[in-house]
Amino acid sequence: MKTAITSTGETPDSKLDQRFGRCAWFIIYDRETGATEAVANPGREALEGAGPAAVQLVASKGVRQIVSGEFGIKIKSLVDSLGIQMIILKESEKTVREVMDLLKNQ
Amino acid sequence: MSPRPKRPRKVSNPPPIAGMKPYGGNEPAGDGDPVFLEYEEYEAIRLCDHEGLNHVQASFLMNVSRPTLTRIYASARQKVAEALVVGKQLIIEGGKVYFDSEWHHCAACRCYFNHPEKQQAVEACPLCGSRAVSPFDAHPDSLGQEEAVDSPDDEPENRGRRPCGEPGRPRRRQRRIRQQKQVRDEDSNHQYGRDS
């Protein structure tokens, strides 16, 4: 199962980004293979519609879970209708690697 | 004066079907005018009749007032009865709704998560795998809490763009405009030396 984690940087050692639509990077982690992929968020500086565009992007990568600090109101219903699970983690000090370790150790 | 906008109703579980067709009647199924059951009416029936909640509980889950829920429910009963008695096709569509699944909280890693696979029960936290999960329902005590967690305010794209019916935004703005106007009026009064 693939999980998208919003990240402030390109590497898994960067901190978790608290926003979803305007995060800097998405780190897509595949739990089965352990592979990670960093995808830059094109909607980072967009004036509007960053959230739905970001949902399209991660959905096109086959992601089934998204970990982020929070989700906007437009995104929630969209993500919900796609059957993707949202996980809200309000800890900005956590790094992406720590989140990946949590997922791995289940 | 325009009527007050409808508050968007929260639908936790979308219907598994798009509608129902009668069979065994004199006319072939699906002929004639269908009955359109709105999503909110479906949700009201689901909560009140299928889950067995009372109107107060159901109204909290749908994020509307108790009288509104009762009105939605009454209209839903009327439509279902008509479809059943007259033998009409029932189509579930429309309504002022937004979809939101039920949220859960994990005590171990302090995360909140929703649950898209509604058929399966929630057993473990999807993040840390801990079993210390509890439903994070929008019942009266935690309503304010959930608002705080869900608050989209920090996300720039959502600023000032709540759907109508979210608590008091437009009215507050109107009040502010009115206050500014008052201040302006007072200023001009001072200019002309007319103290009110």
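Note that this is a predicted model, so its numbers are computed, not measured.

## Side note on the pairing of strand β4 (residues 65–68) of chain A
All names here are of chain A. Here β4 shows a buried face lined by Gln65 and Val67 and a second buried face lined by Ile66 and Ser68. In the sheet, strand β1 (residues 2–7) pairs with β4 via three bridges, with the strands oriented parallel. Its bridge partner being in β4, Thr3 is matched across the sheet by Gln65. Pairing geometry for β4 and strand β5 (residues 85–89), over four bridges, is parallel. From the neighbouring strand, Val67 faces β5, where its bridge partner is Ile87.

## What about the environment of Ile91 of chain B?
Residues and elements named next belong to chain B. Counting through the fold element by element, Ile91 comes out in strand β4 (residues 90–92). Sequence separation of Ile91 and Glu38 is 53 residues, and the distance between their C-alpha atoms is 8.3 Å. Excluding residues that lie within four positions of it along the chain, Ile91 makes contacts with Ala18, Gly19, Pro34, Phe36 and Leu37.

## Overview of unusual backbone geometry
Residues and elements named next belong to chain B. With a phi angle near 65°, Asn63 is a residue other than glycine that sits in the positive phi range. We classify Asn63 as partly exposed; it has 19 C-beta atoms within 10 Å. Positive phi, close to 55°, is recorded for Arg110, a residue that is not glycine. C-beta crowding within 10 Å serves as the criterion here: with 14 such atoms nearby, Arg110 is assigned to the partly exposed category.

## Notes on the interface of chain B and chain A
Taken together, the 22 residues of chain B in the interface contact 27 residues of chain A. When contributions to the side of chain B that touches chain A are tallied by element, the ones reaching two or more residues are β5 (97–99) and β7 (111–114) of chain B. In terms of residue count, β7 of chain B provides more of the side of chain B that touches chain A than any other element does, four residues in total. Taken together, the residues of the side of chain B that touches chain A sort by class into 13 nonpolar, four polar and five charged. Across three bridges, the pairing between β5 of chain A and β7 of chain B is antiparallel. By the bridge assignment, Leu89 of chain A is partnered in β7 of chain B with Cys111 of chain B.

## Comments concerning the sheet that holds β4 of chain B
Residues and elements named next belong to chain B. Read across the open sheet, the three strands follow the order β2-β4-β3; overall the sheet is mixed. Each edge of the open sheet carries a strand with a single partner, namely β2 (19–20) and β3 (35–37). Examined bridge by bridge, β2 and β4 share two bridges and lie antiparallel to one another. Residue pairing across strands places Met20 opposite Leu90, the latter belonging to β4.

## Points about the nonpolar core
Counting residues in hydrophobic clusters, the biggest one holds 34 residues, and the most contacted among them are Ile5, Ile66 and Ile87 of chain A together with Cys111 and Leu127 of chain B. Among the secondary structure elements, those contributing two or more residues to this core are β1, β2 (25–30), α1 (50–60), β4, α2 (73–82), β5 and α3 (96–104) of chain A together with β7 of chain B. Ranked by the residues each element gives to this core, the list is headed by β2 of chain A, at five residues. Non-local contacts of Ile66 of chain A, meaning those with residues more than four positions away in its chain, are made with Ala4, Phe20, Val58, Val79, Ile84, Met86 and Ile87 of chain A.

## Examining α1 of chain A
Residue and element names in this part refer to chain A. Inspection of α1 places Ala50, Gly51, Ala54, Val55 and Val58 among the buried residues, and these make up the whole buried set. Buried residues along α1 cover an arc of 135° about the axis, so they all sit on one side. Where α1 ends, the next residue or the one after it, Gly62, has phi of about 80°, a positive value.

## Observations concerning the pairing of strand β6 (residues 103–106) of chain B
Residues and elements named next belong to chain B. In this structure, β6 lies alongside β7, joined through three bridges in antiparallel fashion. Considered in β7, the bridge of His104 is made with Phe113. In this antiparallel pair of consecutive strands, β6 and β7, the connection spans four residues, and Arg110 shows a positive phi of 55°. Where β6 lies against strand β8 (residues 133–136), four bridges are found, and the strand directions are antiparallel. When the bridges of β8 are listed, Cys106 appears paired with Val133.

Calculation criteria
Residues numbered from 1 in each chain as written. Chains lettered and ligands numbered in written order. Predicted model: local features only at pLDDT ≥ 70, side-chain atom pairs only at ≥ 80, totals over all residues. Buried ≥ 20, exposed ≤ 12 C-beta atoms within 10 Å, placed from the backbone. Helix = DSSP H or I, 4+ residues; strand = E, 2+ residues; numbered from the N terminus. Pairing = 2+ DSSP bridges. Contact = placed C-beta atoms within 7 Å. Nonpolar A, V, L, I, M, F, W, Y, C, P; charged D, E, K, R; others polar. Core = buried A, V, L, I, M, F, W, Y, C linked by C-beta atoms within 7 Å. Arc of directions from axis to C-beta.

Nothing here speaks to function; it is all geometry.
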